Amino acid sequence: MDKFVNEIQYPASMNATYIRSIIKQLSAFASPDARFNVEDLERIEELIDYNNLDIDGVSLRLTPTCEEILLKCQWLGTTVNCSSVFTIEITRVGYCCTFNGRSLKRELKDKRMHDVQTNKEAYYVKDVGFTHSLKVAVHQRHDLSDIDLVYKWLALRPGQNYVDITVNGTPISPGLETWFSYSTRTMQASEEILTLRSDLRGCSLTDQPLKYFPTYHKTYCLMECEMERTLKNCHCLKLAHPRLPGIPVCRARNLICSRDATVSYAIDECDCRATCNVEQEISKISSFELNQHSPTLDSFYDGLDLERVSVVRVFLPNHVERVYQRKSYFTTFNLFSQLGGVFNLFFGCSMLSLLELALLAWRAVRSYR
């Protein structure tokens, strides 16, 4: 932050001391939890405009990079460069270092909307167990004057999902190693459900694209609903929203309006159906204290100040996958069965009787000819 404050150009009405005292409020554009003063944010906007910069670029510059946050990374037992497997992306809760995910905001910027092809740089796991894992050492002693949250946390989602809708996950503490045993539970629609009309299914298929997202998921639908609500009420979009041509980012005066337009993912505020085929995450978490004076056989820990880092390991425990199937509660066969019972009760006849009457009528017509 000091480097930015010292290098930027100031109009006559501002100075570095004043900007240093209010610059932390800039995080209010990216994080819904940050407190701010509208007048202070307007002064920051004035400074940004004076230097021909934008809020997104300045916020990203003041946020610690993934190279600074992630000290060491190991993938499937091999040490890798963290910057080669992690990218920093903006989400609903601010900037995050993401692994094996997609960003709609970035894809729209690259003019690849509705590109449903899998990322060529996607990562897959063939073997299971903690030795075939993603292992990361997280720096936990960054200067809190930076535009950053005062704690670190981990959110797990199925691979190649859009990170735009990421929400808070599990906090990770310094001096601890935390193991995340990750598995999924799949909800799958039966064939009879897939043949129903969308209004009868009660859920939407993943291959039904939304207005902006190339695939369907209820959380994607809620994100688009939030975008439409923000655009209607505030005439702008949040910094975390995918950028649309001709639509400005909400300025300081619209920030409260944009927060009021936020859609809760826990409450059905929009007409967004459940996803017919969806993976649900199941994580079992265990942690233990790191001891600086206990020798280890793993060279991954060499050179780390174990009191000032968190070590995170994510792995698949086994090849078992739970699959649950959605079935129709009331099928066409059930309909004819019920109609037969109704006719028998009220008319003293059954479906078989109606068929016999139809057969007699058909024979009568033929004999008349």
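All values reported here derive from a predicted model rather than from experimental measurement.

What counts, and at which threshold
Starting from 1, residues in each chain are numbered consecutively following that chain's sequence as written. With the structure being a predicted model, the display of local features is reserved for residues of pLDDT at least 70 and the display and counting of side-chain atom pairs for 80 or more, all residues being used for whole-chain, interface and lining totals. To obtain the side-chain values, all non-hydrogen atoms of the structure were included, while hydrogens and water were left out. Here a helix means four or more residues in a row that DSSP labels H or I, a strand means two or more in a row labelled E, and each is numbered from the N terminus. Relative accessibility under 20% of the residue-type maximum defines a buried residue, over 50% an exposed one, and the middle range a partly exposed one, all with a 1.4 Å probe and only protein chains included. A contact between two residues is defined here by any heavy atoms of the two lying within 4.5 Å. Only the protein chains shown count as covering a residue, and every accessible area follows the Shrake-Rupley method with a 1.4 Å probe. Here, two cysteine sulfur atoms that lie within 2.5 Å of each other are counted as a disulfide. For every residue, the predictor reports its confidence as pLDDT, a number between 0 and 100. Within this scheme, the nonpolar core is defined by two criteria: the residues are buried Ala, Val, Leu, Ile, Met, Phe, Trp, Tyr or Cys, and they are joined through side-chain atoms within 4.5 Å. The directions from the helix axis to the C-beta atoms are what the arc is built from. Two N or O atoms count as a polar contact when they lie within 3.5 Å, although within protein this holds only if one can serve as hydrogen donor and the other as acceptor, and sequence-adjacent residues are included solely when both atoms are side-chain atoms. Note on pairing: two strands pair once DSSP finds at least 2 bridges between them.

S.K.: So what about the overall build of the protein chain? Which residues, and what values?
M.R.: The number of helices and strands found in the protein chain is 13 helices and 13 strands. Evaluated residue by residue, the protein chain yields a buried proportion of 40% over its 369 residues. Long-range contacts, defined as pairs at least 24 residues apart, comprise 71% of the intrachain contacts of the protein chain with a sequence gap of at least 6. Of the roughly 21600 Å² of accessible surface on the protein chain, a fraction of 53% belongs to carbon and sulfur atoms.

S.K.: How would you summarise the state of the cysteines if you had to cite specific residues and measurements?
M.R.: By definition, a disulfide links two cysteine residues through a covalent bond between their sulfur atoms. Scanning all chains against the criterion turns up seven disulfides. Paired by a disulfide, C66 and C97 hold their sulfur atoms 2.2 Å apart. The sign of the S-S torsion, about -120 degrees, decides the handedness of the disulfide formed by C66 and C97: left-handed. Linking C66 in helix α5 (residues 66-69) with C97 in strand β4 (residues 94-99), this pair joins segments that are 31 residues apart in sequence. Look at C97 and you get partly exposed, because its relative accessible area is 25%. Between the sulfur of C225 and that of C270 lies a disulfide, 1.9 Å long from S to S. Between C225 and C270, the disulfide has an S-S torsion of -75 degrees and is therefore left-handed. Taken together, the residues span a long stretch of sequence, with C225 in helix α10 (residues 218-234) and C270 in the loop between α11 (255-260) and β10 (274-275) at a distance of 45 residues.

S.K.: Would you mind going over the confidence of the model for the protein chain in detail, with residue names and values included?
M.R.: When pLDDT is averaged across the protein chain, the result is 84; 86% of the residues are at 70 or more. Segment residues 144-150 is flagged for pLDDT under 50; beyond a separation of four residues in sequence, or across chains, it makes 15 contacts in the model.

S.K.: Can you break down the nonpolar core residue by residue, with the values?
M.R.: Of all hydrophobic cores here, the largest spans 27 residues; its most connected members are L26 and F29. Among the elements that line this core, the one with the most residues is helix α3 (residues 38-50), at five residues. Filtering out sequence-adjacent residues up to four positions away, L26 remains in contact with L41, I44, I48, I55, V58, S59 and L62. L104, M223, M227 and C270 belong to the second largest nonpolar core, which has 19 residues in total.

S.K.: I'd like a description of the environment of V163, backed by residues and values.
M.R.: The residue V163 is located in the loop between β6 (152-154) and β7 (170-172) in this model. Relative accessible area serves as the criterion here: at 9%, V163 is assigned to the buried category. Separated by 61 residues in the primary sequence, V163 and R102 place their C-alpha atoms 5.9 Å from one another. Sequence-distant contacts of V163, defined by excluding residues within four places in its chain, comprise E89, T91, T98, G101, R102 and S103.

S.K.: Hey, could you go over unusual backbone geometry for me, with residue numbers and the actual values?
M.R.: Even without being glycine, N100 reaches a positive phi, approximately 60 degrees. Within the secondary structure, N100 sits in the loop between β4 and α7 (104-109). Phi angles above zero are rare outside glycine, and H235 is one such case at about 60 degrees. Take H235: it is sitting in the loop between α10 and α11.

S.K.: Mind laying out helix α4 (residues 55-62), listing which residues take part and the relevant values?
M.R.: Among all positions of α4, only I55, V58, S59 and L62 are buried. In an axial view of α4, the angular spread of the buried residues amounts to 100 degrees, which keeps them on one side of the axis. Close packing links the buried residues of α4 with α1 (2-7), α3 and β4. The backbone nitrogen of D56 lies 3.2 Å from a side-chain oxygen of the residue at the head of α4, namely D54.

S.K.: Can you tell me about the pairing of strand β12 (residues 309-315), naming the residues and giving the values?
M.R.: Taken across its seven residues, β12 has seven buried, putting it largely inside the fold. Where strand β5 (residues 133-139) lies against β12, seven bridges are found, and the strand directions are antiparallel. Among the inter-strand pairings, V136 is bridged to a residue of β12, identified as V312. The pairing of strand β8 (residues 176-189) with β12 spans five bridges and is classified as parallel. Residue pairing for β12: S181 is matched across the bridge by F315.

S.K.: Tell me about the pairing of β5, and name the residues and values.
M.R.: With six of its seven residues buried, β5 lies for the most part within the structure. Sheet analysis places strand β1 (residues 70-75) next to β5, joined by five bridges and oriented antiparallel. Following the sheet pairing, L70 is matched in β5 by V138.

S.K.: So what's going on with the environment of E7? Residues and values would help.
M.R.: Take E7: it is sitting in helix α1. On the basis of relative accessibility, which here comes to 45%, the residue E7 falls in the partly exposed class. Reaching out from E7, the side chain makes a polar contact with the side chain of R61 at a distance of 2.8 Å.

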